[in-house]
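Listed here are the chains, written in short residue letters.
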Amino acid sequence: MKRLVILSGAGMSAESGINTFRDADGLWEGHDVMEVATLTGFEKNPKLVYEFYNQRRRQLKDVVPNKGHLILAELEKKYKVSIITQNVDDLHERAGSTAVLHLHGELKKARSTADENYVVPWNEDLDHLNYDPKGYPLRPHIVWFGEEVPLLDTAISIISAADIVVIIGTSLQVYPAASLFQFAPNNAAIFYIDPKPAESIPASVKLIKKGASKGLCSLKEALKSL
Ligand code: APR
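Rules used throughout
- Residues numbered from 1 in each chain as written.
- Predicted model: local features only at pLDDT ≥ 70, side-chain atom pairs only at ≥ 80, totals over all residues.
- Heavy atoms only, no water.
- Phe/Tyr/Trp six-rings, centres within 6.5 Å; stacked < 30°, edge-to-face > 60°.
- Helix = DSSP H or I, 4+ residues; strand = E, 2+ residues; numbered from the N terminus.
- Buried < 20%, exposed > 50% of the residue type's maximum accessible area, 1.4 Å probe, protein only.
- Pairing = 2+ DSSP bridges.
- Axes fitted to C-alpha atoms, helices over the stretch in contact; angles between N-to-C directions.
- Contact = heavy atoms within 4.5 Å.
- Near = heavy atom within 4 Å.
- Polar contact = N/O pair within 3.5 Å; in protein donor to acceptor, adjacent residues only side chain to side chain.
- Areas by Shrake-Rupley, 256 points an atom, 1.4 Å probe, with all protein chains shown as cover.
- Nonpolar A, V, L, I, M, F, W, Y, C, P; charged D, E, K, R; others polar.
- Parallel < 35°, antiparallel > 145°, perpendicular 65-115°, else oblique.
- Left-handed = near helix turned anticlockwise from the far one by under 90°.
- Salt bridge = Lys/Arg side-chain N within 4 Å of Asp/Glu carboxyl O.

A. Local environment of the packing of aromatic side chains. In total, this model carries four aromatic pairs according to the counting rule given. Between Phe 42 and Trp 144, the aromatic rings sit 5.2 Å apart at their centres with planes inclined by 40 degrees, giving tilted as the arrangement. With Phe 42 in helix 3 (residues 39–44) and Trp 144 in the loop between strand 8 (138–142) and helix 7 (152–160), the pair connects residues that are 102 residues apart, well separated along the chain. Of the two residues examined, Phe 42 and Trp 144, each falls in the buried class. Between the aromatic rings of Tyr 53 and Trp 144, the centroid separation amounts to 6.2 Å while the plane-to-plane angle is 40 degrees, which identifies the pairing as tilted. Remark: Trp 144 occurs in the loop between strand 8 and helix 7 and Tyr 53 occurs in helix 4 (residues 46–59); sequence separation between them is 91 residues.

B. Region of the structure containing the sheet that holds strand 4 (residues 80–85). Read from one edge to the other, the open sheet built from six strands follows the order 5-4-1-9-10-11, with strand pairing classed as parallel. The two strands at the open ends of the sheet, each matched to only one other strand, are strand 5 (100–102) and strand 11 (206–208). Neighbour-to-neighbour, the strand axes of the sheet open up by a mean angle of 20 degrees, direction not taken into account. The pairing of strand 10 (residues 189–193) with strand 11 spans three bridges and is parallel. The partner of Tyr 192 across the bridge, within strand 11, is Leu 207. Along the sheet, helix 8 (residues 212–224) makes contact with strand 9 (164–168), strand 10 and strand 11, crossing strand 10 at roughly 155 degrees.

C. Region of the structure containing the site of the ligand. Looking at the ligand, there are 21 residues lining it, with Phe 21, Arg 22, Thr 170, Ser 171 and Asp 194 nearest. Contact distances for the ligand include 3.3 Å between a nitrogen atom and a backbone N or O atom of Gly 11. In isolation the ligand has 740 Å² of accessible area, and contact with the protein removes 92% of it. For the shell around the ligand, the residue count by class is seven nonpolar, nine polar and five charged.

D. Representation of the packing of helix 5 (residues 67–74) against helix 8 in the model. At a closest axis distance of 8 Å, the pairing of helix 5 and helix 8 adopts a crossing angle of 30 degrees. Here helix 5 is positioned roughly parallel relative to helix 8, judged by the angle of their axes. Along this stretch, helix 5 crosses helix 8, giving a crossing that reads as left-handed. When helix 5 is examined against helix 8, the residues Lys 67, Gly 68, Ile 71, Leu 72 and Glu 74 are found in contact with a partner set consisting of Ser 213, Leu 216, Cys 217 and Lys 220. In the contact of helix 5 with helix 8, the residues fall into four nonpolar, two polar and three charged.

E. View of the environment of Leu 48. As for its position among the elements, Leu 48 is in helix 4. Under the relative-accessibility criterion, Leu 48 is labelled partly exposed at 24%. With 35 residues separating them along the chain, Leu 48 and Ile 83 place their C-alpha atoms 31 Å apart. Excluding anything up to four places from it in sequence, Leu 48 contacts His 31, Glu 35 and Val 36.

F. Broad picture of the environment of Ser 213. You can see Ser 213 is positioned in helix 8. On the accessibility criterion, Ser 213 (10% relative accessible area) is buried. Not counting residues within four places of it along the chain, the set of residues in contact with Ser 213 comprises Glu 15, Asn 66, Lys 67, Gly 68 and Ile 71. Within polar-contact distance, the side chain of Ser 213 engages the backbone nitrogen of Gly 68 at 3.3 Å.

G. Here's a closer look at the pattern of salt bridges. Overall, the coordinates contain nine salt bridges when judged by the stated rule. One salt bridge in this structure joins Arg 58 and Glu 51, with 3.2 Å as the shortest N-O distance. What makes Glu 51 partly exposed here is its relative accessible area of 31%. Taken together, the shared-partner salt bridges connect Glu 51, Arg 58 and Asp 125 into one network.

Here is the structure:
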């Protein structure tokens, strides 16, 4: 089976009703990203940050995977699919994809503020009164701007073995995620599905200028001739 590696971003979940980050004046659900997605922002106003992610977590109960997520799950019948997502939602898993790596963390997990390796499943609201066993408060299990990306090496090793790479719904502005496709082997075919793709991509990348669902239908056709 050929190895198909998917690099998904916020646009993947747009058709499920989850807003992207950079499509609305640089605001994320009405907030400056630096307020709600940095350690400094959390230390300054923990209440706001807990509540922000609580809202995002609650939203997961109202949304469902879209056709694009379902197509990716179905592709497992023909390919060895690995998904490396920047998304913190669980829509790939709920669509049935079995190998999903969350580069930027997961809404449905919490971690200790003192020990990044203490990570627990979390489905309800989280606040400063939820502690780890040593008494340190828990925080959202989200990789914020300026923080290390703990799964980066794993992601690089997955992409280094890809036969086909498909980038979907990302503005390719946030590093190191944006540079991951460059670790693909030279002979790997690389596709990029996005209605408003980033401009500075190599000419060898095959562009599918469509939304995730329609773009993935086109991809299925394109894969037949590989
Ligand atoms: N289908 C596919 N792509 C879409 C759709 C759609 N229906 N709608 C919008 N898009 C595209 C936009 O054109 C844009 O290129 O999705 C992309 C979303 O880009 P961003 O909002 O910048 O999201 P992303 O690239 O995932 O952001 C990366 O930034 O704030 C951080 O950690 C956060 O993981 C996030 C990271």
